[in-house]
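Chains, contacts and geometry: an overview
For reference, the chains in residue letters:
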Amino acid sequence: MGEQTQVQAKPETQTPPQPQPNSDSTLVSNSPVDLPPNPSNPSKIPIRPQKIRKLSSLPSSKTPQITASSATPASTKSRRKSTPKSSSRVLPQIIKPLSADGEIDNALLHLRSADPLLGSLIDTLPVPQFESHNSPFLALSKSILYQQLAYKAGTSIYTRFVSLCGGEDAVCPDIVLSLSAQQLKQIGVSGRKASYLYDLANKYKNGILCDDALVKMDDKSLFTMLSMVKGIGSWSVHMFMIFSLHWPDVLPVSDLGVRKGVQLLYGLEELPRPSQMEQLCEKWRPYRSAGAWYMWRFVEGKGTPTTAAAAIDAGNVQPLQQIQTGQETQQHQLQLLEPINGIGNLGACIWSQ
């Protein structure tokens, strides 16, 4: 028995050096040598637990950091983004037309407090009135007929046009399209203006334009849709906003009457450019339409210059349209023209009737 124990002890002393060379190459040598005596230990213990431990340790350490850091800012960002949207949607609901009860008084109070120079001018002039009730189609047709004409000539042609249609209430796209170019020519409407009227009526008949839709549009959509009509430019759209829709915060920066009024009000050496008008009249917000109305009256009271005429008829002021010559006319073909002979465009006198 003692000899057997000694013989058995020898392989025990020889076995420990065998795993040492195998430790350097565990993947190559362990599989053929250790599989017959212990088929489970070498394949599961040295390889698979290490891989499992590495895979389980990586996601466990990273996932809590990602979820904890990404969850909080996402919720805060979504809340921060949602707040300005709700505030911007509320603003248009507060705005009322100038024809609403008490809005003229609110406009005058704001203009007096925001601009002392304008406030002193308001005290010397009558209160503005915005009481036009013409349909959008009739107002746009009237603006086309009055283009580049003196007030008396435009009124004469418009009166004939209305009688030809059967009255103001009968003026509609179908009636206008039923009129021939010869009929319009007989009442003084030029061929170019006749094409403008036909284009406006066709866009109404095709469903591109509609009175109900125009009243509900915002300023950008209104500019886009009305500029599609031949003969209607930015000036006409501004006049439509002020005197037909009675929007309170419209500044016709291209109107010579408003620009001349601002020059006289602030004592400027030169006529302000349209880009400068935005800065000078920023304090009038949100009632720049009323401020523009007073600029027309201010210019009329100071006298009518030869290149910036403003006419008054029955207490209604006529805003001036932008004068364009040469290249400016080609660049703004849709914008209305104003002759330089001292005859003012009809402006508010047209729209307010």
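Residues numbered from 1 in each chain as written. Predicted model: local features only at pLDDT ≥ 70, side-chain atom pairs only at ≥ 80, totals over all residues. Heavy atoms only, no water.

1. A few points about the environment of Val171
Turning to its location among the elements, Val171 is positioned in the loop between helix H9 (151–165) and helix H10 (173–178). Spatially, the C-alpha atom of Val171 lies 9.0 Å from that of Ser141, the residues being 30 residues apart in sequence. Non-local contacts of Val171, meaning those with residues more than four positions away in its chain, are made with Phe137, Leu138, Phe161 and Cys165. (Helix = DSSP H or I, 4+ residues; strand = E, 2+ residues; numbered from the N terminus. Contact = heavy atoms within 4.5 Å.)

2. A word on the pattern of salt bridges
Scanning the entire structure with this criterion turns up 6 salt bridges. Where Lys203 meets Asp199, a salt bridge forms, and the shortest distance between an N and an O atom there is 2.9 Å. Of this pair, Lys203 and Asp199 both sit in helix H12 (residues 191–205), 4 residues apart, roughly one helical turn. The pair formed by Lys203 and Asp199 is uniform in burial state, with each residue classed as buried. Sharing partners across several salt bridges, the network here consists of Asp249, Glu278, Glu282, Arg285 and Arg288. (Salt bridge = Lys/Arg side-chain N within 4 Å of Asp/Glu carboxyl O. Buried < 20%, exposed > 50% of the residue type's maximum accessible area, 1.4 Å probe, protein only.)

3. A look at the confidence of the model for the chain
Averaged over all residues, the pLDDT of the chain equals 74, while 59% of them reach at least 70. Note that residues 1–13 has pLDDT below 50 and, in this model, 0 contacts with residues that lie over four places away or in other chains. Contacts of residues 304–316 to residues separated by more than four positions or lying in other chains number 34 contacts, the stretch itself having pLDDT below 50. (pLDDT = per-residue confidence, 0-100.)

4. Let's talk about the environment of Phe240
Examined against the element boundaries, Phe240 turns out to sit in helix H15 (residues 234–243). Along the backbone, Phe240 and Ser143 are 97 residues apart, and their C-alpha atoms lie at a distance of 8.8 Å.

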